[in-house]
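Survey of secondary and tertiary structure
Each chain is listed here by its residues.
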Amino acid sequence: ILNVEQSPQSLHVQEGDSTNFTCSFPSSNFYALHWYRWETAKSPEALFVMTLNGDEKKKGRISATLNTKEGYSYLYIKGSQPEDSATYLCASNSNSGYALNFGKGTSLLVTP
Amino acid sequence: GAGVSQTPSNKVTEKGKYVELRCDPISGHTALYWYRQSLGQGPEFLIYFQGTGAADDSGLPNDRFFAVRPEGSVSTLKIQRTERGDSAVYLCASSYSGANVLTFGAGSRLTVL
């Protein structure tokens, strides 16, 4: 994998549903994996930064896992709420530089 | 400041004109990044500053694009002879150092007619 790829592109769930997204990234020379949430008309907001294989991080109802050997990360949202509606961006960088390489994002819509 | 500030929030210009976009990072953040998000795409890296110097400008698409950060704080992204394909949201982000989580501004939406 040369680029960061995210799936699905978009997702529509009902309030209370749990959901998850996938991020695939280049595993060679891996340095860090970032997740950001970008709500409409606001700034992208950092959720997690993970560096170690097997890392799991949690923030409220949102959690993420990291597999650096196979080059993927999952983001989980438990009991989705309408305020979770946003685009979720994944980005990685290698140990050769600090520039983050972003995926296209997963657009989540949670309806009551 | 409390957050990363970008001005203008919206800019509409005509093809061929010159545009400047400004970014005021969080005080004390030495690293500053410019990204560009075109419709349907993820943010695309343009340039990274560490202090006053451009540590990595490999993402600038061509020589019409230039960025400065003369005093290691505010940065200006300059676009000459704008083209319709330059239309995008230009995002600025800063961090304590190059390896940390980024704090983004709200972006400057550029529309070239």
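So, on to the pattern of salt bridges. Summed over all chains, the structure comprises six salt bridges over all chains. Notably, a salt bridge pairs Glu-45 of chain A with Arg-37 of chain A, separated by 3.3 Å at the nearest N-O pair. Accessibility expressed as a relative area gives 30% for Glu-45 of chain A, which makes it partly exposed. Between Arg-64 of chain B and Asp-86 of chain B there is a salt bridge, with its nearest N and O atoms 2.8 Å apart.

Taken together, the contact pairs 19 residues of chain B with 15 residues of chain A. Roughly 1,400 Å² is buried in total at the junction of chain B and chain A, and carbon and sulfur atoms are behind 68% of that figure. In this structure, the connection of chain B to chain A is made through zero salt bridges. For the side of chain B that touches chain A, the elements supplying multiple residues, two or more each, are strand 4 (31–37) and strand 5 (44–50) of chain B. No other element matches strand 4 of chain B, which puts three residues into the side of chain B that touches chain A. A per-class count over the side of chain B that touches chain A returns eleven nonpolar, seven polar and one charged.

If you roll a probe as big as a water molecule over the atoms, it shows you where there is empty space left. Here the largest pocket defines a volume of roughly 720 Å³. Lining the largest pocket are 25 residues, and of these Trp-38 and Thr-87 of chain A together with Gln-37, Val-89 and Arg-109 of chain B lie nearest its centre. Class assignment for the residues of the lining of the largest pocket results in seven nonpolar, 14 polar and four charged. Ser-92, Asn-93, Ser-94, Ala-99 and Asn-101 of chain A are the residues nearest the centre of the second largest pocket, which is lined by 16 residues in total. For the lining of the second largest pocket, the secondary structure elements donating two or more residues are strand 4 (30–38) and strand 9 (86–94) of chain A. Tallying contributions element by element places strand 9 of chain A first for the lining of the second largest pocket, with three residues. Among the residues making up the lining of the second largest pocket, the classes are represented as six nonpolar, nine polar and one charged.

A separate point is the state of the cysteines. Counted under the stated rule, the structure contains two disulfides over all chains. Sulfur-sulfur distance for the disulfide between Cys-23 of chain A and Cys-90 of chain A comes to 1.8 Å. Taking the sign of the S-S torsion, about -55 degrees here, the bridge from Cys-23 of chain A to Cys-90 of chain A comes out left-handed. Taken together, the positions of Cys-23 of chain A in strand 3 (residues 19–24) and Cys-90 of chain A in strand 9 put the pair 67 residues apart, joining distant regions of the chain. The pair formed by Cys-23 of chain A and Cys-90 of chain A is uniform in burial state, with each residue classed as buried. There is a disulfide in this structure between Cys-23 of chain B and Cys-92 of chain B, and the S-S distance comes to 1.9 Å. As the torsion about the S-S bond is roughly -70 degrees, the Cys-23 of chain B-Cys-92 of chain B disulfide counts as left-handed. A residue pair is termed long-range when its members are at least 10 positions apart, and Cys-23 of chain B in strand 3 (residues 19–24) and Cys-92 of chain B in strand 9 (residues 88–95) qualify at 69 residues. In this structure Cys-92 of chain B comes out as buried when scored by relative accessible area, which is 0%.

Moving on, we come to the packing of aromatic side chains. One pass over the full model with this rule turns up 13 aromatic pairs over all chains. Look at Phe-21 of chain A and Tyr-88 of chain A: their rings are 5.2 Å apart centre to centre, the planes differ by 45 degrees, and that puts the pair in the tilted class. Taken together, the residues span a long stretch of sequence, with Phe-21 of chain A in strand 3 and Tyr-88 of chain A in strand 9 at a distance of 67 residues. For the pair formed by Phe-21 of chain A and Tyr-88 of chain A, the shared burial category is buried. Ring geometry for Phe-102 of chain A versus Tyr-35 of chain B: centroids 5.3 Å apart, planes at 85 degrees, classification edge-to-face. Of this pair, Phe-102 of chain A sits in strand 10 (residues 101–102) while Tyr-35 of chain B sits in strand 4, placing the two residues on different chains. For the pair formed by Phe-102 of chain A and Tyr-35 of chain B, the shared burial category is buried. Among the aromatic side chains, those forming a connected cluster through ring pairs are Tyr-36, Tyr-98 and Phe-102 of chain A together with Tyr-33, Tyr-35, Phe-45, Tyr-48 and Phe-104 of chain B.

What counts as what
Residues numbered from 1 in each chain as written. Chains lettered and ligands numbered in written order. Predicted model: local features only at pLDDT ≥ 70, side-chain atom pairs only at ≥ 80, totals over all residues. Heavy atoms only, no water. Salt bridge = Lys/Arg side-chain N within 4 Å of Asp/Glu carboxyl O. Buried < 20%, exposed > 50% of the residue type's maximum accessible area, 1.4 Å probe, protein only. Contact = heavy atoms within 4.5 Å. Buried area = accessible area lost by both parts, 1.4 Å probe. Helix = DSSP H or I, 4+ residues; strand = E, 2+ residues; numbered from the N terminus. Nonpolar A, V, L, I, M, F, W, Y, C, P; charged D, E, K, R; others polar. 1 Å grid on protein atoms, 1.4 Å probe; cavity = no way out; pocket = protein on both sides within 12 Å on 5 of 7 lines; lining within 4 Å. Points joined across faces, edges and corners; volume = space filled by probe spheres on them. Disulfide = S-S within 2.5 Å. Phe/Tyr/Trp six-rings, centres within 6.5 Å; stacked < 30°, edge-to-face > 60°.

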